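One-letter residues, chain by chain:
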Amino acid sequence: MRALLDLTAEDFHAWLQAQGQPPLRARQVRRWLFAGRAESFEQMTDLPLALRQALAAQFQVFGSRIARHLRSCDGTNKLLLRLTDEQLIECVLLLEDDRHTACISTQVGCGMGCVFCASGLAGFERNLTTGEILEQLLRLRNLLPDEQTAGMNPAARLQTAGMNPAARPKTAGMNPAARLQTAGMNPAARLSHIVVMGMGEPLANLDNLLAALDVATAKDGLGLGARHVTISTVGLPAKMRRLADLKKQYHLAVSLHAPNDALRNQIVPTNDRTGIAAILDAADYFYAQTHRQVTYEYVLLRGLNDQPRHAEELARLLQQRQAHLNLIPFNDVEGLPYQRPEQASLTDFVARLRRRGLVVHVRKRKGADIDAACGQLRRSALAPRGEQALTLSRRGAEDRREERE
Ligand code: SF4
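Residues numbered from 1 in each chain as written. Predicted model: local features only at pLDDT ≥ 70, side-chain atom pairs only at ≥ 80, totals over all residues. Heavy atoms only, no water.

(A) Looking closely at the sheet that holds strand β11 (residues 251–255). Spatially, the 10 strands line up as an open sheet ordered β3-β4-β5-β6-β9-β10-β11-β12-β13-β14, and their pairing is mixed. A single partner strand is all that each edge strand has here, and the edge strands are β3 (65–71) and β14 (359–362). Going across the sheet, the axis of each strand differs from the next one's by a mean of 20°, ignoring polarity. Note that strand β5 (residues 88–96) and strand β6 (residues 99–103) share five bridges and pair antiparallel. Within β6, the position partnered with L94 by the bridge is T101. Lying over the sheet, helix α11 (residues 276–290) contacts β11 and β12 (294–300), oriented at roughly 145° with respect to β12. (Pairing = 2+ DSSP bridges. Helix = DSSP H or I, 4+ residues; strand = E, 2+ residues; numbered from the N terminus. Axes fitted to C-alpha atoms, helices over the stretch in contact; angles between N-to-C directions. Contact = heavy atoms within 4.5 Å.)

What follows is the structure, encoded as structure tokens:
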């Protein structure tokens, strides 16, 4: 059975026409999905019964099932979704002050093979469809209790949708954990940001991703601002240029991880086909076309790319660019030989870059107790049961201290 979210608007109109239904039915169904939070056709009570039955006979509202739902003590929620072909993907909801960020996947597995990444360990399986990308957003959004309509049934909820979606949440100012504890009382409802940083290389599945983001940023979709969407890439220059030419206001994050080709070839194997210079050129082009500052991501691996000479080289590379640098101290992954940098190395690395005038941010560690780093939950779900239990208990005992420099 097909997932409704995989149908293009044109396909759905054609299907409705074949059923003898007027075009307005498409708008009604869309409102139910995006504003009414319906998860079944039965809930779409202003549609004729015969249409609801015809829809239910041919389509599913969601094609995936929630295989696991983990909640972190810091408010992070992680879903492991089982797709119709039994493949597993992950998506994460991050709560931080007034931000509700969905981190989504674009592929099953990944073919880029970054040596520190759990997602790439089992290789690439397939691209996600547009519907599967959208479904992650809806499932994560639906974890947020509806501010306006908590406790209402779906029909009443739909009637109030659009009354005051930007209203400031009553829980503003609470920390995420406290907010989560009040879930069900009256917390905020809307996703505010999307980061396309989950499993897979987003630009390798650009068409399906763009179609999903078109819906996510449409007023009658999820209504997010394009400037609140970040697309990450390991660096596919031709696709970066194509994205730039679209002149959307999406934010681009380039995963650099090394300041020279010799080291980057070791950490990101696909680099030997592109090289850092071509990636930086494409990033500069993106900035020239969109006037959106590019973020460079740099995972710090102890002893490998976190030394003073790497910081100096990185500074030289980015100094003249409109760049923002996001440093990500590595989170241990079972079975991988890499380690988080020492605190002293991290502090020194940051200081050297800042002395060269770079804007540097050290990413907060979120969801450490629920395997929230990309691909780890899927990997533990695919592992034999004994290994899975070991992985989860080891992660739970980890230091959850957050760092911000
Ligand atoms: S870090 Fe990203 S691009 Fe690299 S293997 Fe993992 S998912 Fe793929």
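(B) Expanded view of the packing of helix α12 (residues 308–318) against helix α13 (residues 343–355). Between α12 and α13, whose axes approach to 9 Å, the crossing angle comes to 25°. In terms of their interaxial angle, α12 and α13 are classed as roughly parallel. Where α12 crosses over α13, the two elements pack in a sense that is right-handed. Residues P308, H310, A311, E312, L314 and A315 of α12 form the contact with α13, whose participating residues are D348, F349, R352 and L353. Residues that form the contact of α12 with α13 fall into these classes: six nonpolar, one polar and three charged. (Parallel < 35°, antiparallel > 145°, perpendicular 65-115°, else oblique. Left-handed = near helix turned anticlockwise from the far one by under 90°. Nonpolar A, V, L, I, M, F, W, Y, C, P; charged D, E, K, R; others polar.)

(C) Broad picture of the pattern of salt bridges. Taken as a whole and judged by the stated rule, the model has 16 salt bridges. With its nearest N and O atoms 3.6 Å apart, the salt bridge here joins E86 to R82. Take R82: its relative accessible area is 26%, and that puts it in the partly exposed class. Where D214 meets K248, a salt bridge forms, and the shortest distance between an N and an O atom there is 3.2 Å. Placement of the pair is D214 in helix α7 (residues 206–216) and K248 in the loop between α8 (237–246) and β11, with a sequence separation of 34 residues. Owing to a relative accessible area of 31%, K248 belongs among the partly exposed residues under this scheme. Sharing partners across several salt bridges, the network here consists of E312, D348, R352 and R356. (Salt bridge = Lys/Arg side-chain N within 4 Å of Asp/Glu carboxyl O. Buried < 20%, exposed > 50% of the residue type's maximum accessible area, 1.4 Å probe, protein only.)

(D) Quick peek at α8. Turning to α8, its buried residues are P237, M240, L243 and A244. End-on view of α8: buried residues confined to an arc of 120°, all on one side of the axis. Buried residues in α8 make contact with α7, β10 (229–233), β11, α10 (271–274) and α11. K247, located one to two residues past α8, shows a positive phi value of around 55°. (Arc of directions from axis to C-beta.)

(E) Geometry of the pairing of β5. Of all nine residues in β5, seven are buried; the element is thus mostly enclosed. As paired elements, strand β4 (residues 77–82) and β5 share six bridges and run antiparallel to each other. Paired with L79 across the strands is C91, a residue of β5. The hairpin turn running from β4 into β5, its antiparallel successor, is five residues long, and E86 in that turn takes a positive phi close to 75°.

(F) Summary view of α12. Along α12, the residues that are buried comprise H310, A311, E312, L314, A315 and L318. Buried residues in α12 make contact with α9 (261–267), α11, β12, β13 (323–329) and α13.

These figures come from the coordinates and say nothing about function on their own.
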